[in-house]
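Read off the chains here:
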Amino acid sequence: MVRVAAVQYEVGTDVAANLATSLRMIDSAAAEGAALIVLPEFCNHLSWYESPERAHRLACRHGDPFLTAIAARAATHGVHVKIGITLARTSDRTTGTSLLYGPTGELLGEADKQVLMGAENDHLSPGTAVGPIIATPVGRLGMYACMEGVICEVTRGLALRGAQVLLNSLNSFATDEAGLHIPVRAAENKVWVVAANKVGPLIPTDQQASVSKRLGVPPEWLHGAGESQIVAPDGSVVARAPRTGEAVVVADIDPAAADAERARHLATRRPSRYGPIAAPSLGRAAPAGAPTLPVAVVRGAAPLVRQAAAEGALLIVLPEDCPVTVEEAAEAVRESAAHVVTGNGTLVGRDGRIAAAEIYRLPWGRLKVIVGEAARHPEEFRLAALADADVVAVPFTPREPWELRLGLLERAAENRLNIVAAGQDGPDGLAGAILDLSPDFTLWTAWQGPFTGQISHPVVTHVKNTDLLVQGTLSPAQSVNRLVSRNTDLVGGRPWRLAEALLEGPRQ
């Protein structure tokens, strides 16, 4: 067992003060017995600069007083320390970089951030190489940062290349980080995640009012969202810091505990299909779908399919291995414009079976069907987004709680896909979900409702084990909006040049 720590604190524009706080928090975590300590992102300076030149001047350099002090403190306590900083790479190139220092103060590895968020694109350059897998006495470690965990490629690549523990440094005000984007990366990859976020203002104090007014966001939401956490390979959070205030959270973990389960899980991927993920894409070409789409999950016999169609559902999804036949489904929707996705993934209309296709073009938009075990893997939904799907129908069998608490929610969020998932009775009392895309997405479009702090999260209607018919409404037209922030496209901005690991099987 290894004791690990995630620490959260405030960072400002005074580099010396930021260093002092970082060292004090390392001391606090070491006092708790941690052998591995994860600090937040951009610990050297608030990520807010007037120009790229100023960002470059204020960035760290290897061997400078800031990094020398961090390395020395790791050596003082004989611990591993992961820190996120800005790093001056060349005369004109600055990166957001994760550094890992070992228990004698040596630099064990570094990883440049591949996916930049919003204004980071104005003063930082994205990484041009994948981060290393670092073999240490505390496990095989992989590093990533903030926005890299809001999409699937970086963390998936680390797990496929052999990481057992992923270290995430964040600089985020988004409350859905703690509730969704952090824990899902542990569950879908069967790894531990140690994630450290900030608290306090993420924008200089003298500019908070003007920025708040310009974005239409209350100033209190422009603070780090805290809730630093340690997540087990099943997606359960074993330690979590509060929403506000400095904190150190620790947990004792077994890095190798999920090795066998991870190997079994990743072996069910289909990497021969995933080539488009590692290829350039031109952005969405298909037109927007309909503004709304009434849908239903039916977990019963054909009369319930007929009822759902009569009550207005245009897309009806049945669970995997549902006994309703193609003929019964066609008869049930004979007097309507509804389509049914059967338990084996067949699309049925009032005239019967529709020929299989990668993407079905229907009057309300573009439909993708993903069946069974494939629904456990993020790559399958990435392919759907790259094919400009608006809605994904998922007849499957939920096997673990994370699939419906985290997994499918993230598939909707990271790809901007509406999802209708239907399963037989599942664990945790859930059998499916209807996941609708909210128009309140990003800080760069006006919100229809009050700002909630959730930047990329679907509207969820759960389907319980006791439910036979659940109806809801999706928003196909919302799938065209993929800009989670200025210059940050959830699909087009994926690090496709560095996604080669996704085209291979797992390494051990």
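Quantities reported herein were computed from a predicted structural model and do not represent experimental measurements.

Analysis parameters
- Residues numbered from 1 in each chain as written.
- Predicted model: local features only at pLDDT ≥ 70, side-chain atom pairs only at ≥ 80, totals over all residues.
- Heavy atoms only, no water.
- Helix = DSSP H or I, 4+ residues; strand = E, 2+ residues; numbered from the N terminus.
- Buried < 20%, exposed > 50% of the residue type's maximum accessible area, 1.4 Å probe, protein only.
- Pairing = 2+ DSSP bridges.
- Axes fitted to C-alpha atoms, helices over the stretch in contact; angles between N-to-C directions.
- Contact = heavy atoms within 4.5 Å.
- Left-handed = near helix turned anticlockwise from the far one by under 90°.
- Right-handed = clockwise from strand over helix to strand, strands pointing away.
- Salt bridge = Lys/Arg side-chain N within 4 Å of Asp/Glu carboxyl O.
- Parallel < 35°, antiparallel > 145°, perpendicular 65-115°, else oblique.
- Nonpolar A, V, L, I, M, F, W, Y, C, P; charged D, E, K, R; others polar.
- Phe/Tyr/Trp six-rings, centres within 6.5 Å; stacked < 30°, edge-to-face > 60°.
- Lys NZ or Arg CZ within 6 Å of the ring centre and 35° of its normal.

Q: I tried to follow unusual backbone geometry on my own but got confused; where do I start?
A: Both trends apply: most residues other than glycine have a negative phi, and most peptide bonds are in trans. Unusually for a residue other than glycine, Cys146 sits at a positive phi of about 50 degrees. The topology assignment puts Cys146 in the loop between β7 (139–145) and α5 (153–160). At Asp428, a position not held by glycine, the phi torsion is positive, near 65 degrees. With respect to the helices and strands, the residue Asp428 is situated in the loop between β21 (418–423) and β22 (430–436). Asp428 gets classed as partly exposed once you look at its relative accessible area, which sits at 44%.

Q: Before we go on, may I ask you to explain the sheet that holds β22 in this structure?
A: As a general point, the strands of a sheet are linked pairwise by backbone hydrogen bonds and lie either parallel or antiparallel. Taken together, the 6 strands give an open sheet; going across it, the order is β18-β19-β20-β21-β22-β23, and neighbouring strands pair in mixed fashion. Across the chains shown, the open sheet's two edge strands, defined by having one partner strand only, are β18 (360–362) and β23 (459–464). Each adjacent strand pair in this sheet contributes to an overall mean axis angle of 20 degrees, direction not counted. In terms of strand pairing, strand β20 (residues 391–396) meets β21 through 6 bridges, oriented parallel. Bridge pairing in β21 links Phe396 to Gly423. Helix-sheet contacts for helix α12 (residues 402–415) involve β20, β21, β22 and β23, and the interaxial angle to β22 is about 25 degrees.

Q: How do you make sense of the packing of helix α11 (residues 378–386) against α12 when you look at a structure like this?
A: When two helices pack together, their arrangement is given by the angle between the helix axes and the distance between those axes. In the contact formed by α11 and α12, the axes pass within 10 Å of each other and the chain directions differ by 35 degrees. Where α11 crosses over α12, the handedness of that crossing is right-handed. Residues Pro378, Phe381, Arg382 and Ala385 of α11 lie in contact with α12, whose contacting residues are Leu408, Arg411, Glu414 and Asn415.

Q: Help me understand the pairing of strand β1 (residues 2–8) in this model?
A: Every other side chain in a regular strand lies on the same face of the sheet, so the side chains alternate between the two faces. Burial within β1 is extensive, with 6 of its 7 residues counted as buried. In the sheet, β1 pairs with strand β12 (residues 247–253) via 7 bridges, with the strands oriented antiparallel. Among the inter-strand pairings, Gln8 is bridged to a residue of β12, identified as Ala247. Sheet analysis places β1 next to strand β2 (residues 36–38), joined by 3 bridges and oriented parallel. Bridge pairing in β2 places Ala6 opposite Val38. Remark: the β1/helix α1 (residues 15–31)/β2 crossover connection has right-handed handedness.

Q: Is there a simple way to explain the pattern of salt bridges in this structure?
A: Scanning all chains against the criterion turns up 34 salt bridges. For Arg185, the salt bridge is made with Glu414, and the minimal N-O distance between the two is 2.9 Å. One end of the pair, Arg185, is in helix α6 (residues 176–189); the other, Glu414, is in helix α12, with 229 residues separating them in the sequence. Residue class for Arg185 comes out buried when judged on its relative accessible area of 0%. Residue class for Glu414 comes out buried when judged on its relative accessible area of 1%. Residue Arg284 is joined to Asp390 by a salt bridge in which the shortest nitrogen-to-oxygen separation is 2.8 Å. Highlighted residues: Arg284 in the loop between α8 (259–266) and β13 (293–298) and Asp390 in the loop between α11 and β20, separated in sequence by 106 residues. For the pair Arg284 and Asp390, a shared accessibility class is recorded, and that class is buried.

Q: What's the story with the sheet that holds strand β5 (residues 107–112) in this structure? I'm lost.
A: Here we have 6 strands laid out as an open sheet, ordered β5-β4-β3-β2-β1-β12, and mixed in their pairing. The outermost strands of the open sheet, each flanked by one partner alone, are β5 and β12. Across the sheet, the mean angle from the axis of one strand to that of its neighbour is 25 degrees, orientation sign disregarded. Lying over the sheet, helix α3 (residues 65–77) contacts β3 (80–88) and β4 (94–101), oriented at roughly 175 degrees with respect to β3.

Q: Whenever I open this one, the packing of α6 against α12 confuses me. Can you help?
A: At a minimum axis distance of 9 Å, the contact between α6 and α12 shows a crossing angle of 115 degrees. Here α12 runs roughly perpendicular to α6, going by the angle between their axes. α12 is crossed by α6, and the crossing has left-handed handedness. Within the contact between the two elements, α6 uses Gly179, Leu180, His181, Pro183, Val184, Arg185, Ala187 and Glu188 and α12 uses Trp402, Leu406, Gly407, Leu409, Glu410, Arg411, Ala413 and Glu414. Residue composition of the contact of α6 with α12, grouped by class: 8 nonpolar, 3 polar and 5 charged.

Q: Looking at this structure, I do not really get the environment of Gly224. What am I missing?
A: With respect to the element layout, Gly224 can be found in the loop between α7 (208–215) and β10 (229–231). Judged by relative accessible area, Gly224 falls into the buried class, the value being 3%. As for Gly224 and Tyr274, which are separated by 50 residues in sequence, their C-alpha atoms are 35 Å apart. Setting aside residues up to four positions removed in sequence, Gly224 forms contacts with Ser172, Phe173, Lys198, Val199, Gly200, Leu202 and Arg243.

Q: Which parts of the structure should I look at to understand the packing of aromatic side chains?
A: Each aromatic ring pair is specified by the distance between its two centres and by the angle formed by the two planes. What the rule picks out here adds up to 3 aromatic pairs. Consider the rings of Phe173 and Phe451, whose centres lie 6.4 Å apart with planes at 50 degrees: the pair is tilted. Of the two residues, Phe173 is situated in the loop between β8 (165–169) and α6 and Phe451 in the loop between β22 and β23; the sequence distance between them amounts to 278 residues. Both residues of the pair, Phe173 and Phe451, count as buried. Just above the ring of Phe441 sits the side chain of Arg416; from NZ or CZ to the centre is 3.9 Å.

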